[in-house]
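Report on the structure
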Amino acid sequence: MIVYAECEFLIPTAHSLKEKRAVLQRMLTRTKQKYNVSISELDHQDTWQRTSIGIVAIASQKDAAERELMNAIRFLESNPEWECINISKEYL
């Protein structure tokens, strides 16, 4: 089972692309290390206070894939440097 989520975040403290990328890279790296998911920035690469992230989890059981994905999303949402403005999920 494949579970896919797309999350949009607002980074109000970023005043340049360099500051945005520092926050983003730190969270992407930590998420990859901590959870069994693939994660990448999908959109808004040139916008310095907004980002869109894609996350994919694959497992033999739907529950296991969804649990891993939701743990990763909760971890991302726990970062005080940004706020989640939208999450959409799909099952493939």
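Residues numbered from 1 in each chain as written. Predicted model: local features only at pLDDT ≥ 70, side-chain atom pairs only at ≥ 80, totals over all residues. Heavy atoms only, no water.

Here's the deal with the overall build of the protein chain
- Helix and strand counts for the protein chain stand at two helices and four strands.
- Along its sequence from the N terminus, the protein chain presents helices and strands in the succession β-α-β-β-α-β.
- Computed over the C-alpha atoms, the radius of gyration of the protein chain is 13 Å, within 12% of the 12 Å expected from 2.2 N^0.38 for a compact globule of 92 residues.
- C-alpha atoms of the protein chain, sized along the principal axes, occupy 40 × 20 × 15 Å.
- Across the 92 residues in the protein chain, those meeting the buried criterion constitute 35%.
- Long-range contacts, defined as pairs at least 24 residues apart, comprise 72% of the intrachain contacts of the protein chain with a sequence gap of at least 6.
- When the accessible area of the protein chain is evaluated, it comes to approximately 5,400 Å², of which 48% is carbon and sulfur surface. (Helix = DSSP H or I, 4+ residues; strand = E, 2+ residues; numbered from the N terminus. Rg over C-alpha atoms; globule rule 2.2 N^0.38 Å. Buried < 20%, exposed > 50% of the residue type's maximum accessible area, 1.4 Å probe, protein only. Contact = heavy atoms within 4.5 Å. Areas by Shrake-Rupley, 256 points an atom, 1.4 Å probe, with all protein chains shown as cover.)

Focus: helix H2 (residues 62–77)
- Compared with an ideal rise of 1.5 Å per residue, which puts 16 residues at 22 Å, H2 spans 22 Å between its outermost C-alpha atoms and is within 8% of the ideal.
- Considered for burial, the residues of H2 that qualify are Ala 65, Leu 69, Ala 72, Ile 73, Phe 75 and Leu 76. Down the axis, H2 shows its buried residues gathered within 160° of arc, on one side only. What points out from H2, more than 90 degrees from its buried face, is the exposed set Asp 63 and Arg 67.
- Looking at the buried residues of H2, the elements they touch are strand S1 (2–10), helix H1 (17–34), strand S2 (38–43), strand S3 (50–58) and strand S4 (83–91). (Expected span 1.5 Å × (residues − 1). Arc of directions from axis to C-beta.)

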